[in-house]
Amino acid sequence: MSDPDILPPDMDPTIKKIGIRKLSAHNEASARTVTTVRSHQIVTDEANEGDTGPSPLENTLASLTGCEGVIINRCAKAMGFAYSAVDMEAEGDMDPRGSRGVAGVRPYFLAVRLKIRIHTNEPEEQLAKLRKNVENRCPVMNLFRDAGVDVTAEWEANRS
C-alpha cells in the first residue's frame with residue numbers, strides 16, 4: 001500500500017543511474033587534512049591539535065544540515081510549498097573512547113539531534129508532508145539511521 005503523502009520520483013524510476021562523487025585529499029602527518037572537491041577545499045582538523053577546521057565528525061553534521069537543505073528545497077518545489085529560509089542546528093553525542101581504540105565502543109555518533117526552523121506560512125499539514133518526504137529522501141540522514149545512530153529531528157514553522 002502506498003502512502004499518499006510521499007511525492008512521486010522526479011526521474012524515471014525504471015532507469016538505473018549511478019552517480020559518482022570524486023575528491024582528493026592530502027595530509028601531512030598531522031590531524032589536518034585538506035580535501036579538494038571540484039574547485040572547493042575542505043579542511044578538517046581537531047580542536048586540540050591545530051584547530052584549522054572542523055573535525056571530521058563535525059563535518060558529518062554539516063553534511064547532514066547541507067543535505068537537509070537540498071532535499072527541503074527539492075521537495076518544497078515539487079509540492080509548491082512556499083518558504084523563505086530554513087535555519088538548522090545539529091548536535092551529536094559520541095564517546096571518544098571509540099576512536100581511541102576501546103573495544104566495544106562505537107567510534108561514531110550514538111545520537112544526533114536536528115532542529116529545523118522553516119520560515120513559512122504553509123499550514124501544519126503541508127509542513128508534516130514536507131518533513132515526511134525530506135526524511136524519506138535525505139541521503140545523509142538515512143546513512144546515519146542505517147548505521148544505527150538515533151536521529152531525531154524537531155521541525156517548527158517560523159510564521160511571519
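Note that the structure is predicted; figures quoted are calculated from it, not measured. (Residues numbered from 1 in each chain as written. Predicted model: local features only at pLDDT ≥ 70, side-chain atom pairs only at ≥ 80, totals over all residues. Heavy atoms only, no water.)

**Student:** How do you make sense of the state of the cysteines when you look at a structure like this?
**Tutor:** One way to say it: the disulfide is the covalent bond shared by the sulfur atoms of two cysteines. As enumerated under the stated definition, the model contains zero disulfides in all. Cysteine cysteine 75 shares no disulfide, and the gap to the nearest cysteine sulfur, in cysteine 138, comes to 9.6 Å. Of all cysteine sulfurs, the one in cysteine 67 lies closest to cysteine 138, which takes part in no disulfide; the gap is 3.4 Å. Relative accessible area serves as the criterion here: at 0%, cysteine 138 is assigned to the buried category. (Disulfide = S-S within 2.5 Å. Buried < 20%, exposed > 50% of the residue type's maximum accessible area, 1.4 Å probe, protein only.)

**Student:** Honestly, the side chain of glutamate 122 in this entry has me stumped. Any pointers?
**Tutor:** Tracing the sequence through the fold places glutamate 122 in the loop between strand S5 (111–119) and helix H2 (124–137). Although glutamate 122 is buried, it makes no salt bridge; arginine 159 carries the closest opposite charge, 7.4 Å away. In terms of polar contacts, glutamate 122 uses its side chain to reach the backbone amide nitrogen of alanine 82, at 2.8 Å. In contact with glutamate 122, not counting residues within four places along its chain, are Gly80, Phe81, Ala82 and Arg159. (Helix = DSSP H or I, 4+ residues; strand = E, 2+ residues; numbered from the N terminus. Lys, Arg positive; Asp, Glu negative; His and termini not counted. Salt bridge = Lys/Arg side-chain N within 4 Å of Asp/Glu carboxyl O. Polar contact = N/O pair within 3.5 Å; in protein donor to acceptor, adjacent residues only side chain to side chain. Contact = heavy atoms within 4.5 Å.)

**Student:** Looking at this structure, I do not really get the pattern of salt bridges. What am I missing?
**Tutor:** Once the charged atoms of two side chains with opposite charge are near each other, the side chains can pair. Inspection of every chain in the model, using the stated rule, returns nine salt bridges. Two residues, glutamate 156 and arginine 117, come together in a salt bridge whose shortest N-O distance is 3.1 Å. A residue pair is termed long-range when its members are at least 10 positions apart, and glutamate 156 in strand S6 (residues 150–158) and arginine 117 in strand S5 qualify at 39 residues. The exposure class assigned to glutamate 156 is partly exposed, which follows from its relative accessible area of 34%. Two residues, arginine 159 and glutamate 124, come together in a salt bridge whose shortest N-O distance is 2.6 Å. Here arginine 159 is found in the segment after S6, whereas its partner glutamate 124 is found in helix H2, with 35 residues between them in sequence. Look at arginine 159 and you get partly exposed, because its relative accessible area is 36%.

**Student:** What is the right way to read the sheet that holds strand S3 (residues 40–44) from this model?
**Tutor:** Adjacent strands of a sheet pair through backbone hydrogen bonds, lying either parallel or antiparallel. Strand order in the open sheet made by the three strands is S1-S2-S3, with antiparallel pairing throughout. Looking at the sheet topology across the chains shown, the edges are occupied by strand S1 (24–27) and S3. With direction set aside, neighbouring strand axes in the sheet form an average angle of 20°. As paired elements, strand S2 (residues 33–37) and S3 share five bridges and run antiparallel to each other. (Pairing = 2+ DSSP bridges. Axes fitted to C-alpha atoms, helices over the stretch in contact; angles between N-to-C directions.)

**Student:** Explain the packing of aromatic side chains here, please?
**Tutor:** For any pair of aromatic rings, geometry is given as the distance between the ring centres together with the angle between the planes. Scanning the entire structure with this criterion turns up two aromatic pairs. An angle of 50° between the planes, with centres 6.5 Å apart, marks the rings of phenylalanine 81 and tyrosine 83 as tilted. On the basis of relative accessibility, which here comes to 26%, the residue tyrosine 83 falls in the partly exposed class. (Phe/Tyr/Trp six-rings, centres within 6.5 Å; stacked < 30°, edge-to-face > 60°.)

As far as function goes, none of this settles anything; it's purely spatial.
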